[in-house]
Structures are given as structure tokens and as C-alpha cells.
Amino acid sequence: MANLIDKAKEYQLSRRKFLGVTAAAAGTATVATLPGGLTKVDQILAEEATSKAEEGKWVTAACWHNCGGRCLNKAYVMDGVVIRQKTDDTHPDSPDFPQQRACVRGRAQRKQVFAADRLKYPMKRKHWEPGGGNKELRGHDEWVRISWDEALDILASEIKRIKEQYGNRSILVTGGEANRALNLYGGFVDHWNTISWGSWLLTGPTVGLQDGFDDHSTNDRLDLRNSQLVVMWGVNPAWSSGGSPSYNFLQAKKAGARFICIDPAYTDTAELLEAEWIPIRPGTDHAMLLGMAYTLIKEDDPALNPLIDWDFLNRCTIGFDQDHMPEGADQKDNFKDYVLGTYDGIPKTPEWASEICGIDPARIRSLAVEVGATNRVALLTGWSCARIQNGDSLPQMFMTLGAMTGHMGQPGRMTGVSSHYATGNGGYRLVKRGGGGLPPIAPNPVDDSINDGELWSAILDGKYTAGKDDIRDINIQMIYHGYNAILQTTEGMAKGIEAHRKVEFVVSHAQFLTTNAKYSDLVLPVTTEWEREGGLLHGNREAVFFYTKVTEPLYESKPDWVIVSELGKRLGIDPDKMYGGISEKQQLFNKLATTTVINEAGTDYEPLITITPQDIQEWGVEGKPQKGRITLKEFQEAGVYQVPRKPGDHYGYIAQEAFRKDPEANPLSTTATGKMEIYSKNLADIVEGYGWGTIKPIPTYTPAIEGYQATFSDWENKVKGEYPLQVYNPHYLRRSHSIFDNVTWLREAWPNPVFLSAKDAKERGIKSGDTVLITSPHGKTLRIATVTERLMPGIVGLPHGAWVNVDEKTGIDHAGADNYIVGACPTGQGVNGYNSCIAQVEKWTGKPLEEDVKRPQRIIFE
């Protein structure tokens, strides 16, 4: 190590020498650090930036990870190395025309791309052999460096062998580019999930609150300022959606809106907005909403105290009461009678709801009155509330509250999801990125597709649910991971590791030794977006980002399409059938040429980019000149095109506006009746068809299998059981899902503790800084505790996405990987039930955990 530091002190910047320093660091499994967590390489780069700043240039560098922000990220590049980064300074910042500013994750991205733990070469597991070899060593075997030819020969040979021995139904592909080859080689078994949306994916469009999967049914950010009251269920953009979303809400606050946040934790978003915090137990929002509906029905007086918008209910919905049921339905099955308990004998009173959700009955009652009596209310929810078991009817219930109070289709009034790229800013895209002109992917000849809730059990048990009364045998013997993190981000990770050790072959495309790669036999290093020709990324509805190559591919990494093309050749497939012979640069040019922007009148789209004959010649591509709004050079230099906004412009958006005005002339396209369906037989039939159970056509409450009620061994007598706490998994600023968890800067800034309420910690003798053991029915993990008053008692906050680090002797994870303790249990429409987890927490008596920043990176030896 001393020699490395001496060499670093004498270092003169060049890309080749930079790679030499990081390779040397990898050979010692650590990097010399300075105070503040900076490495010697960082110090060298900073010195060079000061002395030779005129030699570098700023380029737009992709911030491509899926947080929902996707902001402007610029890198200062010298000799192929990024020495510093900045964000949007293309125009003055203002509330109407805000800069697209990056968050801490994007600003730390050079510590990801140029990391010492980048995978440098193709590798195979030392004790792998055709058929698997010692499969139990997956996850802790040694790695052997091999050539690309050997790696691709192994991959092609195993695909051929497994296909011949077991058939194409034995090959599982979890994502990436491999389908372009394997669809032409007999196909593969696919998988599906609701990984982000929860039950909003199906229920939202089916009952009519959304027009489709990408529509969030909320008004745009300028109209949000018209709201008097904004009620937010599980919405925390300060952590989950970097960039401008929190700024959108702040402008609404400055315009006079009052905020209420309903969440298990008092979030940074609530603090920013000075919101009232109403603590709620995970998975119980539906019960609370029913208690509010009961209050509205009981206390509504059209003459003296109007709380319900009967005009909207009667014209625009079906199923609320007996007089508005669809033809052929049993009138007793209407929503109003369910809430009142007319036939089941259980009135859904605030007291009934309080027992489940933990909110004082008086506050449920008063909140319902506030929402009903206030003229302009925004009812907003995140996807997280619907990422629960048995949550199929929650979006329908949320829609019903909005319909009852009429907060839809008018300025300042909205009901829907405020999440991801549309957080605080709903509406159609004002800029639409173009396509690369690639040929369509060939159809998959295999029709098997397994829900993620059964994926690992299907591999282990050889059966999966394909639909109602359709249980199929399956024999998976190969797992092909494209660039994804499915083993890390899908529930039941402990069972997933077991499944990976059962099959005969596992391969991963990866940039680091991620969880997928760690449990593989063959690992193929892929380039990052910074090492590719470039591309386009959407942010919010008003912006599109154009990023270009920052550096040449590092070490021996290759783009996914190159790997798949070479694999195709070995399988006897012509690469032109997969990619049409279209180069990466031509694909980028095609995307630019077909990108469009809304016209000034807001009525149609026109080309965004002006392309000249000189541009086509300089790029060395095929294309036609065109007239657009911005030149190609201007777009490349700025890296962003953002539609300027101002109040009263032609780009505003009011969700469901035309439908509300005349539902007969503007019927909803996604519902069977053209109206919002508080009674939806279609939804009930679809859910039943999946084969995991049934729901009622109206939004009835069904407890999660591992929700609040499951924390009791005797619910009626309120006797707590073996797992008395609920665990929920908030998104966390250290990561975008699981990406960035290996970045040392972010590990230092965001330590990834487990959050415990002061009450629960005191009962267990736990204080901040103690190592604790979290035990669920599905696994165990260790974390360092942070004790806080900002969390509701009975709730444990374990941030989502930490890379699992299992002690092979004890089976205990040491990284706080949420899905290692969350079980896979498909219900209803196969929703990923991440926030349905019960657990016990106790003080750990073994060796205390080190802080994550001190944990060695997964640096592979040659």
C-alpha cells in the first residue's frame, strides 16, 4: 500500500495511468483514504483540475437511474476521466421555470463509474463446471479471470446444452437484451411483477382513475398552486424522487396551500412543507379511508353542511348506492351499504378504522369533514401504499373518496398518484423522446411467464400459477440476468439465493459484483451509460435530456448489445435479425431526429431538433435535414431541453376535466362502463382470473396476510405474537432502489440504519448506535439502530435496497437487505407486497456491526 501511495503522489493525469491506479487499488482490496473519506486518486484529480482546468471540457453525463428525477448531470472530463460534476446552470432558476437540479446520488456518479470495484474482465466461478459443479459455493466461491471468447463460448455452450437436455422452458431470462437472441433460438421463460406500481398497475385504469399505466391522474404543477389543502398518503419526494418534485410542492405551500402528510414516519417532505403529520400503520390506509367515507355519509347535509358532491357521484360513477348500480348487479352489493354495515353488520366507523390504522377516531372524522368542506383539495398518494398483500382494492377506495368529495377534474382539485417522474406535476409529456429505429423484438415462442411472488418457489418446487385453475409444471435449469437487480429487489431473497444454488447455470451482465452477479457462475462486465455513444432520458413532463459519451469503455467492459450479438453468432443467429445492422451512433441519431415537442398552441407536436446536412455529414450517419426548435449543437451543449412554463400558458393539465364536464360525450376508455367504477365487476373478474383469490366488486378492506393484524397471536383479545412489529421499506437518498449502494461517498453520508421509535427502543433496551437483530418469518438481518420520535410506535423503518451480505455460517444478513426478511406471497393480482412484513427486533449480543462505509467494497482479485 505504501508503494501505491508513493506512486499516486507522483501521478500525472492520463486515462491510462488513472486505470492503472484503480487496478492497483483493486489488487490490494482497498484504497488509501484521506480525512473526509476522499481517496488519493480524488486528491490527485482535484490537484490536476486546479492546474490544468483549461485542458478539460464539460459534457452532459447520463443520470440514468430510476429514481423518477432524472436531472441534468454534467461532467468535467480530462483525458477520459471525470474530475468533477455540476448540475443545471443553463438558465436562471425560478418557480415557473426551475432548473433541473441533480440530487446527491447523481452528483456522486463519478464515484460509481470510475469505482475501484468496477468489474474489469469476464469471470467464471472457480468451481463451476458444465452442469453446475459445486453449486453450493455460489455466492462465496473464488473468481477466475477469463477471456471474452471463453466467456461467450461457455455461455453459448450452456444454452445449447440446457436447451437440448431440458427444452427452452428451462431457461429463465430476467431482463436485458438477451431476449433479442433467445426469442430466435426457441424462446425462454419470462417473469412479471408490479414492482413499483403495486395494485395501481391494474386497478387504477380498470376502475377509471387512470387512463393507463403511465398516467397519474393529477393536475400539473402550476395548477397545484390553486389547491387550498394538499393531503398526501405515503408521498416523500425529498427521499424518493430527487430533483424538482419537492420544489413543486414548496411553490404550492408559498401560494397558500396547507399540507397534511399521512405516513408511518414524519418525513423530510413533511418537515419541508411544515405539514401536519398523521401517523398511520403500513397497509391500513384502506381502513382509514373507509372511516372517512362513513363520516361523509353520516354528516353530509346538502343544505346546511354539504360534504358529498352528489352531482359528480350521480353523473360520473356507478356503484355508490342502490340507485346507481349497474344492470344485473345485486343492489345490496353497493358501496354505501357496505360502509354503513347495512348487510354485514359492521359499520365502518372511525372507531372501527382506528383500531386497525392507529389514528384517533376524532382525527379521522375531522379530516373527512375538512376534505369534504374545503373547496379545492388535492388528494395525493404514492405507489407505496399499494405495494402490500391484498391491496387490490386500495386504488378503487382512494378514487371513491375523491369522487365522493368531487375533488377531480377542476382547478386545484385532483385525486391520484403523485409519484416518480410525475410527483407534483401530472399530465401528458410536453417533450417526447424518439426511437432508435431498431427492428421489433421477435415474439417469444414460449408462453410461460411467472409472477415474481412465485419465481423462487417455482424454481425450487417446480410449479407456478399461470391463472385460475392453471397450475403448471416448470423445470428451470438456467437463469440469465440482464442488467437488472431482481435477486436484490424481489421479495423472498433468502429463498431466491436457494433457488440460484439449485439450477445448473447462472449468468449475469453486471458493472459490479451485485447480488445477481455474486450468485452467478459467469459474469460479463458491461459498460455504463457514460461509456456509450449517448442517449435521451425523460425527466418530468417538461424536460428531455441528451447525454453523450464521457469516456471510452473501461477495462474490458462491453455494451449489452455487443455481448448479445456475439452470443447470437455462436447460436447461429444473424445479428442483423436482432439489431438490423443499425450502429449505436445511428440509433442515437434516430432518437434525436424523431424527438418531438408540443407546439406553442399546445395542440400538436413538432420536431424538437434542427438537423442540417452538415450535421449528418459530421455524425457519419444516414438521415434527412429538418427544421426544429433547437439546433443539434445547441442541444448537445446544453444537455437539456425544457419547455418554458408560466401561468396561463397552453401547457396546463387538469386530469379528468373533459370527463367531468360531460361523461357521456367523453367516456373513460379503460372501464367497461365508461364511468368511474366504484362497483367494478370487471376488476373482480380479472383478479379472480389470476388464480390467487377473489375480491368484491366494491372496495372492501382485506387485511394483508402479514400486516398489522398478523402482529397479534390473538387479534380479538389483542395479544401480541412472536413478530409484534411491522416493517416498511422507505426509499432512501443513499440509493436509487439498489443502485449506488456501493458508492463510498454515499455510504458515508447516508449510513442506512434501521429506524426504531423511541417507545419500541426503550421497551427493548436499545439506544442509537446499538447493533440490533431484525427477525421475520423469512430471514434475519443486522443493522445499527437509530432511535427517533419521528416514527410511529410499532413500526420499523428499514430502507429499501441495501446489497445483501449473508454470513454463510449463521444465515444472517449483515447489510440490512429489506427483501431478505420480506416474504414472497402473491395475492389478488400478484402485487409485490414489500410493505407487508412483520418482525421482532432485539439488541444483538454478538460482535457489533461496523459502519457501512468501513465495509470493504466487493473488489475482485485477478
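What counts as what
- Residues numbered from 1 in each chain as written.
- Predicted model: local features only at pLDDT ≥ 70, side-chain atom pairs only at ≥ 80, totals over all residues.
- Heavy atoms only, no water.
- Pairing = 2+ DSSP bridges.
- Helix = DSSP H or I, 4+ residues; strand = E, 2+ residues; numbered from the N terminus.
- Axes fitted to C-alpha atoms, helices over the stretch in contact; angles between N-to-C directions.
- Parallel < 35°, antiparallel > 145°, perpendicular 65-115°, else oblique.
- Left-handed = near helix turned anticlockwise from the far one by under 90°.
- Contact = heavy atoms within 4.5 Å.
- Nonpolar A, V, L, I, M, F, W, Y, C, P; charged D, E, K, R; others polar.
- pLDDT = per-residue confidence, 0-100.
- Phe/Tyr/Trp six-rings, centres within 6.5 Å; stacked < 30°, edge-to-face > 60°.
- Buried < 20%, exposed > 50% of the residue type's maximum accessible area, 1.4 Å probe, protein only.
- Salt bridge = Lys/Arg side-chain N within 4 Å of Asp/Glu carboxyl O.

(A) Spotlight on the sheet that holds strand E33 (residues 771-775). An order of E31-E35-E32-E34-E33-E36 is seen for the six strands of this closed barrel, with the pairing classed as mixed. On average, each strand axis in the sheet is inclined to that of its neighbour by 45°, with strand direction left out of account. Here strand E31 (residues 725-728) runs beside strand E35 (residues 795-797); their pairing, made up of three bridges, is parallel. Following the sheet pairing, Val727 is matched in E35 by Val796.

(B) Expanded view of the packing of helix H13 (residues 285-299) against helix H16 (residues 350-357). Put simply, H13 and H16 touch, their axes get as near as 8 Å, and they point 165° apart. On the basis of their axis angle, the class for H13 and H16 is roughly antiparallel. Handedness of the crossing formed by H13 with H16: left-handed. Only Pro350, Trp352, Ala353, Ile356 and Cys357 of H16 make contact with H13, whose side of the interface consists of Ala287, Met288, Leu290, Gly291, Tyr294 and Thr295. Residue classes in the contact of H13 with H16 are distributed as nine nonpolar, two polar and no charged.

(C) How the structure looks around the confidence of the model for the protein chain. Within the protein chain, residue pLDDT values average 92, and 93% of them lie at 70 or more. Counted against residues more than four places away or in other chains, residues 21-41, with its pLDDT under 50, gives 42 contacts.

(D) Layout of the environment of Val564. Along the chain, the position of Val564 falls in helix H23 (residues 560-570). Spatially, the C-alpha atoms of Val564 and Glu177 are 6.7 Å apart, while their sequence positions differ by 387 residues. Not counting chain neighbours up to four residues away, the residues in contact with Val564 comprise Glu177, Ala178, Ala181, His509, Met578 and Tyr579.

(E) Looking closely at the packing of aromatic side chains. Taken as a whole and assessed by the stated rule, the structure comprises 25 aromatic pairs. Judged by centre distance (6.2 Å) and plane angle (65°), the rings of Trp197 and Trp383 are edge-to-face. One end of the pair, Trp197, is in the loop between strand E7 (190-192) and helix H8 (200-207); the other, Trp383, is in the loop between strand E12 (377-381) and helix H18 (394-405), and 186 residues separate them in sequence. A residue is classified by how much of its surface remains accessible, and Trp197, at 25% relative accessible area, is partly exposed.

(F) Main features of the pattern of salt bridges. Throughout the structure, instances matching the rule amount to 59 salt bridges. Between Arg570 and Asp149 there is a salt bridge, with the nearest N and O atoms lying 3.2 Å from each other. With Arg570 in helix H23 and Asp149 in helix H6 (residues 148-166), the pair connects residues that are 421 residues apart, well separated along the chain. Here Arg161 ties to Glu504 by a salt bridge, and the two come within 2.9 Å at their closest N and O atoms. Here Arg161, found in helix H6, pairs with Glu504, found in the loop between helix H21 (493-500) and strand E19 (505-510); they are 343 residues apart in sequence, far enough to count as distant. The class of Arg161 is partly exposed, set by a relative accessible area of 22%. Exposure remark for Glu504: the relative accessible area of 11% places this residue in the buried category. One connected set of salt bridges, linked through shared partners, spans Asp220, Arg221, Arg541, Glu542, Arg645 and Asp649.

(G) Broad picture of the sheet that holds strand E6 (residues 171-173). Taken together, the six strands give an open sheet; going across it, the order is E5-E4-E20-E19-E18-E6, and neighbouring strands pair in mixed fashion. The open sheet terminates on both sides in strands that have one partner only, identified here as strand E5 (143-145) and E6. This sheet shows a mean twist of 15° between the axes of neighbouring strands, independent of strand direction.

(H) Highlighting helix H25 (residues 584-593). For H25, the tally of buried residues reaches eight of ten residues, placing the bulk of the element in the interior. Here H25 has its buried residues at Glu584, Gln586, Gln587, Leu588, Phe589, Asn590, Leu592 and Ala593. Elements in contact with the buried residues of H25: strand E21 (534-538), strand E22 (543-548), H23, strand E25 (609-610), helix H26 (613-619) and helix H27 (632-638).

(I) Here's a closer look at the pairing of E31. Residues Leu725 and Val727 line one face of E31 and the alternating positions Gln726 and Tyr728 line the opposite face, and both faces are buried. Note: E31 against strand E36 (residues 838-843), two bridges, orientation antiparallel. Considered in E36, the bridge of Leu725 is made with Ala839.

(J) Inspection of the pairing of E22 at higher detail. Among the six residues in E22, six count as buried, and that is most of the element. Residues Ala543, Phe545 and Tyr547 line one face of E22 and the alternating positions Val544, Phe546 and Thr548 line the opposite face, and both faces are buried. The turn joining E21 and E22, which pair antiparallel and follow one another in sequence, is formed by four residues.

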